[in-house]
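Residues per chain, in single letters:
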Amino acid sequence: MYHTTGLTIEQITDLCGLVDMDTTAEQRRWPPILGLFNSAVIALTYMRCNRVQAELAEAYEVSQPTISRAITGMTPLIERVLRKFVPTADELDDQTQYIVDGTLLPCWSWADRPELYSGKHKTTGMNVQIACTLDGRLAWISDPIEGRRHDTYCLKESGALLTLNPDNWMGDKGYVGNYMLTPIKKPKHRKLLDWEKEFNTQINKIRYVIEQTIANVKT
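Residues numbered from 1 in each chain as written. Predicted model: local features only at pLDDT ≥ 70, side-chain atom pairs only at ≥ 80, totals over all residues. Heavy atoms only, no water.

In the annotation of an unreviewed UniProt entry, the entry for the chain reads DDE superfamily endonuclease, and the organism field reads Amycolatopsis sulphurea.

Now for unusual backbone geometry. One non-glycine residue with positive phi stands out, namely Asn 50, at about 55 degrees. For Asn 50, a relative accessible area of 60% corresponds to the exposed category. One non-glycine residue, Tyr 179, lies in the positive phi region at around 65 degrees. As for its position among the elements, Tyr 179 is in the loop between β6 (169-170) and α7 (194-218). (Buried < 20%, exposed > 50% of the residue type's maximum accessible area, 1.4 Å probe, protein only. Helix = DSSP H or I, 4+ residues; strand = E, 2+ residues; numbered from the N terminus.)

Moving on, we come to the domain arrangement of the chain. Splitting the chain by domain gives domain 1 (1-85) and domain 2 (89-218). Here the C-alpha centre of domain 2 lies 32 Å away from the C-alpha centre of domain 1. (Domains from an automatic or database assignment.)

Another aspect to go through is the packing of helix α4 (residues 53-60) against helix α5 (residues 64-82). Here α4 crosses α5 at 105 degrees, and the two axes come no closer than 8 Å. Classed by the angle they form, the pair α4 and α5 counts as roughly perpendicular. Where α4 approaches α5, its residues Gln 53, Ala 54, Leu 56 and Ala 57 are matched on the opposing element by Gln 64, Ile 67, Ser 68 and Ile 71. Among the residues making up the contact of α4 with α5, the classes are represented as five nonpolar, three polar and no charged. (Axes fitted to C-alpha atoms, helices over the stretch in contact; angles between N-to-C directions. Parallel < 35°, antiparallel > 145°, perpendicular 65-115°, else oblique. Contact = heavy atoms within 4.5 Å. Nonpolar A, V, L, I, M, F, W, Y, C, P; charged D, E, K, R; others polar.)

Moving on: the pattern of salt bridges. Across all of its chains, the model carries 10 salt bridges by this definition. A salt bridge links Asp 22 to Arg 80, with the shortest nitrogen-to-oxygen separation between them at 2.9 Å. Highlighted residues: Asp 22 in helix α2 (residues 9-22) and Arg 80 in helix α5, separated in sequence by 58 residues. Between Asp 101 and Arg 207 there is a salt bridge, with its nearest N and O atoms 3.3 Å apart. Taken as a pair, Asp 101 in strand β1 (residues 98-106) and Arg 207 in helix α7 lie far apart in primary sequence, 106 residues in all. A relative accessible area of 5% means that Asp 101 is categorised as buried. On the basis of relative accessible area, Arg 207 is assigned to the buried category, the value being 8%. Through salt bridges with shared partners, a single ionic network connects Asp 101, Asp 172, Arg 207 and Glu 211. (Salt bridge = Lys/Arg side-chain N within 4 Å of Asp/Glu carboxyl O.)

A few words on the UniProt feature "domain: DDE Tnp4" (unreviewed entry) in the chain. The feature "domain: DDE Tnp4" (unreviewed entry), as given by UniProt, occupies residues 100-218 in the numbering adopted here. Annotated as residues 100-218, this span is 28% helix and 24% strand, and its ends, taken at the C-alpha atoms, are 15 Å apart. (UniProt positions renumbered as here; feature names shortened; annotations may be inferred.)

This paragraph deals with the UniProt feature "domain: Transposase Helix-turn-helix" (unreviewed entry) in the chain. Within the UniProt annotation, "domain: Transposase Helix-turn-helix" (unreviewed entry) is assigned to residues 34-82. In residues 34-82, the share of helix is 86% and the share of strand is 0%. The end C-alpha atoms are 22 Å apart.

Before going further, it helps to spend a moment on the packing of aromatic side chains. Overall, the coordinates contain two aromatic pairs when judged by the stated rule. Ring centres of Tyr 98 and Trp 169 lie 5.4 Å apart, and the angle between their planes is 55 degrees; on these two criteria the pair is classed as tilted. Placement of Tyr 98 in strand β1 and of Trp 169 in strand β6 is noted, with a sequence separation of 71 residues between them. By the burial criterion, Tyr 98 is buried, and Trp 169 matches it. (Phe/Tyr/Trp six-rings, centres within 6.5 Å; stacked < 30°, edge-to-face > 60°.)

A few words now on helix α6 (residues 151-158). Restricting attention to buried positions, one finds in α6 the residues Asp 151, Thr 152, Cys 154 and Leu 155. The buried residues of α6 occupy one face: seen down the axis, they fall within an arc of 165 degrees. On its buried face, α6 sits against β1, β3 (123-133), β4 (138-141) and β5 (145-146). Where α6 terminates, the next one or two residues include Gly 159, which has phi positive at roughly 75 degrees. (Arc of directions from axis to C-beta.)

Structure, rendered in structure tokens:
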């Protein structure tokens, strides 16, 4: 079950407990034939693996509209009860060192929403900023901004650094100019010196944990 939902059975059971305690009878719109637990598993599987609804219907021996009702009914409930567990900027510690990076959360392309297109990733989506500690612990996720925006713009818009010292932050070359620790960009008129290459190598050896953190968030 972990490989389809990203959660263990115990975690799904806890999630169902939160949903059960946080909803009224009128808000419990999951199909009775599936029940709360199966409806939660279906919604999580659909979100994580983008499974075809007809395929899920065959697996659970119900109709496709029943699967659709389970997903539609459970998704906002799951978001609501888990919202309080998403770390926010006001929880960041000004005495802690953080590594930050941006990532694109892909979405459908719409002709009337060209601002979602990311030239860097060559696809449409929303940009979110993610910060972790030096040991890879997730510390913060920003609100999403349209995909065309650069990481520096998104970080400034988030307001995360308004009350924090950027000297304690580390990022890639996309954050040069924000007073945080970043790799050295290659000057136009010369190659990087040996000490600059070594400096960048050491920075990247530390920064790799943010890539793992982002992969876990997306998973």
